[in-house]
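# Structural overview
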Amino acid sequence: MSQAVLILGATSAIARAAAAAFAGQGYALYLASRDRDELRRSAADLRLRYGVEVRYGPFDAEAIATHESFFRSVIEDMPNLHGVVLAFGFLGDQQAARDFRLGEKVIAANFTGAASILSHCANYFEPLKRGFIIGISSVAGDRGRQSNYVYGAAKGALSLYLEGLRNRLFPVGVRVITVKPGFVDTAMTYGLPGLFLVASPQDIGERIVRSLDKSADVVYLPWFWRYIMLIIRHIPEPVFKRLKL
Ligand SMILES: NC(=O)c1ccc[n+]([C@@H]2O[C@H](COP(=O)([O-])OP(=O)(O)OC[C@H]3O[C@@H](n4cnc5c(N)ncnc54)[C@H](OP(=O)(O)O)[C@@H]3O)[C@@H](O)[C@H]2O)c1
């Protein structure tokens, strides 16, 4: 029986490319998101193209009370689960997110919901002493900027959470990788002003899967974002607060 990977937020453009790359390596897949029709179409397409087992089921990051039973049903369907890719995220209108009614949704979709489902994944893999968790965070979580600090705060919290989880699971051999993409051409960024060095979701998805073959714990995608963010993080606060970023 082949090893399986759970893709959370499987309708994301980046996640689709990662799912195809995993299927190409022979992994079975469990696809999860809120859009059941799209999941059904994606599952049929992946089965046809790669001949692997693909299951799917509904998952809402904000519906925290459902996460335990959701994860249990994944394990029942795929007892050979070996890895998880946490790909869901919500940017929304960051001006509107200054109103906490939307801000709370951004934090729930990017952080609280992620911490909830990852707790179930971690508690499952830890006693088995095997497996991997890949969490898609963002360069936006590396420094608070006026244009997207609600999303950035949620992603920054996710990065910190993944760092702690890696620290906890390393001794038992469970790998935790933090992925920090820069700008990627997906529905999330469609029509946004000021984008530069925009990567394709295909490229980012494939690189996410390849990160398992390397030893890095924190992966900036493409690689040059590590240096862009290094510079941005080192701008002194008295200067930074005067910038329109
Ligand atoms: N695009 C970029 O420039 C960029 C840069 C850095 C990081 N990222 C991160 O990369 C990841 C993938 O993003 P993408 O650009 O591929 O975006 P996308 O195509 O807009 O996909 C977003 C995904 O998140 C899911 N989602 C949103 N809210 C959810 C919720 N409450 N519960 C469950 N699923 C939910 C959506 O699923 P439904 O079908 O359920 O709506 C969809 O699958 C995200 O974590 C994003 O924050 C993106």
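Summary of the structure given here.

### Looking at the pairing of strand 4 (residues 81–86)
- Of all 6 residues making up strand 4, 6 are buried, and the element is well covered by its neighbours.
- In the sheet, strand 1 (residues 4–8) pairs with strand 4 via 5 bridges, with the strands oriented parallel. From the neighbouring strand, Ile7 faces strand 4, where its bridge partner is Val85.
- Relative to strand 5 (residues 132–136), strand 4 runs parallel, the two being bridged by 4 bridges. Along strand 5, the bridge assignment pairs Val84 with Ile133.
- Between the parallel elements strand 4 and strand 5, the chain passes through helix 4 (residues 100–128) in a crossover that is right-handed.

### Points about the site of the ligand
- In the region of the ligand, 28 residues are neighbours, and Thr11, Ala61, Tyr151, Val184 and Thr186 sit closest.
- The contact in question runs from a nitrogen atom of the ligand to an N or O atom on the side chain of Asp60, over 3.2 Å.
- Within the backbone of Ala87, one N or O atom sits 3.0 Å away from an oxygen atom of the ligand.
- The fraction of the free accessible surface of the ligand (880 Å²) that becomes covered by protein chains is 91%.
- Of all the secondary-structure elements, those providing two or more residues to the shell around the ligand are helix 1 (13–24) and helix 5 (149–169).
- Broken down by class, the residue content of the shell around the ligand amounts to 13 nonpolar, 10 polar and 5 charged.

### Describing helix 2 (residues 36–50)
- Taking 1.5 Å as the rise per residue, helix 2 with 15 residues should run 21 Å; its terminal C-alpha atoms sit 21 Å apart, in good agreement.
- When helix 2 is considered as a whole, its buried residues turn out to be Glu38, Leu39, Ser42, Ala43 and Leu46. On an axial view of helix 2, the arc spanned by its buried residues comes to 135 degrees, and they lie on one face.
- Two residues or fewer past helix 2, Gly51 is found with a positive phi of approximately 65 degrees.

Basis of the calculations
- Residues numbered from 1 in each chain as written.
- Predicted model: local features only at pLDDT ≥ 70, side-chain atom pairs only at ≥ 80, totals over all residues.
- Heavy atoms only, no water.
- Buried < 20%, exposed > 50% of the residue type's maximum accessible area, 1.4 Å probe, protein only.
- Helix = DSSP H or I, 4+ residues; strand = E, 2+ residues; numbered from the N terminus.
- Pairing = 2+ DSSP bridges.
- Right-handed = clockwise from strand over helix to strand, strands pointing away.
- Near = heavy atom within 4 Å.
- Polar contact = N/O pair within 3.5 Å; in protein donor to acceptor, adjacent residues only side chain to side chain.
- Areas by Shrake-Rupley, 256 points an atom, 1.4 Å probe, with all protein chains shown as cover.
- Nonpolar A, V, L, I, M, F, W, Y, C, P; charged D, E, K, R; others polar.
- Expected span 1.5 Å × (residues − 1).
- Arc of directions from axis to C-beta.

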